[in-house]
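Each chain, written out:
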Amino acid sequence: QVQLVESGGGLVQAGGSLRLSCAASGRTFSSYHLAWFRQAPGQERKFVATITWSGDRTYYSDSVKGRFTISRDNAKNTVFLQMNSLKPEDTAVYYCAARAGPNYFYTKEYEYDYWGQGTQVTVSS
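Below is a short write-up of the structure.

Procedures and definitions
Residues numbered from 1 in each chain as written. Predicted model: local features only at pLDDT ≥ 70, side-chain atom pairs only at ≥ 80, totals over all residues. Heavy atoms only, no water. Helix = DSSP H or I, 4+ residues; strand = E, 2+ residues; numbered from the N terminus. Rg over C-alpha atoms; globule rule 2.2 N^0.38 Å. Buried < 20%, exposed > 50% of the residue type's maximum accessible area, 1.4 Å probe, protein only. Contact = heavy atoms within 4.5 Å. Areas by Shrake-Rupley, 256 points an atom, 1.4 Å probe, with all protein chains shown as cover. Pairing = 2+ DSSP bridges. Axes fitted to C-alpha atoms, helices over the stretch in contact; angles between N-to-C directions. Salt bridge = Lys/Arg side-chain N within 4 Å of Asp/Glu carboxyl O. Core = buried A, V, L, I, M, F, W, Y, C linked by side-chain atoms within 4.5 Å.

### Some details on the overall build of the protein
Part 1: For the protein, the helix and strand inventory stands at zero helices and 11 strands.
Part 2: Against the compact-globule benchmark of 14 Å for 125 residues, the protein has a radius of gyration of 13 Å, which places it among compact chains.
Part 3: Relative to its full complement of 125 residues, the protein shows a buried share of 46%.
Part 4: Of all intrachain contacts in the protein linking residues separated by at least 6 positions in sequence, the fraction that spans at least 24 positions is 60%.
Part 5: When the accessible surface of the protein is split by element, carbon and sulfur atoms take 47% of a total near 6,400 Å².

### Quick word on the sheet that holds strand β3 (residues 18–24)
Part 1: Across the sheet, which stays open at both edges, the four strands sit in the order β1-β3-β8-β7 with antiparallel pairing between neighbours. Where the open sheet ends on each side, the last strands, each with one partner, are β1 (4–7) and β7 (68–73). Taken over all neighbouring pairs, the strand axes of this sheet differ in orientation by 15 degrees on average, direction set aside.
Part 2: Alignment of β7 against strand β8 (residues 78–83), held across six bridges, turns out to be antiparallel. Across the sheet, residue Asp-73 finds its bridge partner in β8, namely Thr-78.

### Remarks on the pattern of salt bridges
Part 1: As enumerated under the stated definition, the model contains four salt bridges in all.
Part 2: Where Asp-62 meets Lys-65, a salt bridge forms, and the shortest distance between an N and an O atom there is 3.2 Å.
Part 3: The class of Asp-62 is exposed, set by a relative accessible area of 68%.
Part 4: The salt bridge involving Arg-67 is made with Asp-90; its shortest N-O contact spans 2.7 Å. Of the two residues, Arg-67 is situated in the loop between β6 (58–60) and β7 and Asp-90 in the loop between β8 and β9 (92–99); the sequence distance between them amounts to 23 residues. In this structure, Arg-67 and Asp-90 share a single accessibility class: buried.
Part 5: If you follow the salt bridges from partner to partner, you end up with Arg-38, Arg-67 and Asp-90 in one network.

### Some words on the nonpolar core
Part 1: By size, the foremost hydrophobic cluster in this structure holds 30 residues, and its most contacted members are Trp-36, Leu-81, Met-83 and Tyr-94.
Part 2: Apart from the residues lying within four places of it in its own chain, the contact partners of Tyr-94 are Glu-6, Leu-20, Trp-36, Phe-37, Arg-38, Val-48, Phe-68, Leu-81, Met-83, Gly-118, Thr-119 and Val-121.
Part 3: The next biggest cluster of nonpolar side chains, apart from the first, holds six residues, and it includes Ala-35, Phe-47, Ala-97 and Tyr-112.

Next comes the structure, spelled out in structure tokens:
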């Protein structure tokens, strides 16, 4: 069982930066693949970025590639999402997610077993 708690959301102007954190409980954190998804008002939850359990491989959606960076600190049971050059269209509730399994880039919502409660990111124009 893994419990995830996101933090770091807030209001930022377009072009600014935010760093989201997701703290996890559980002794097997280092064996889980982790991801960030986001959900804008009236839209489905969408994949943003993922990092393998080893931390050496990452994958991003086209909409954030080159602007966002996912990383993890297994010693602190935490995954991060550094968001730079933010745009108003990045406004959403951001969720972290976790799953175990073979080394692979999991990008579908249904592929993840554990979810945080979400943190709001609002980018003003």
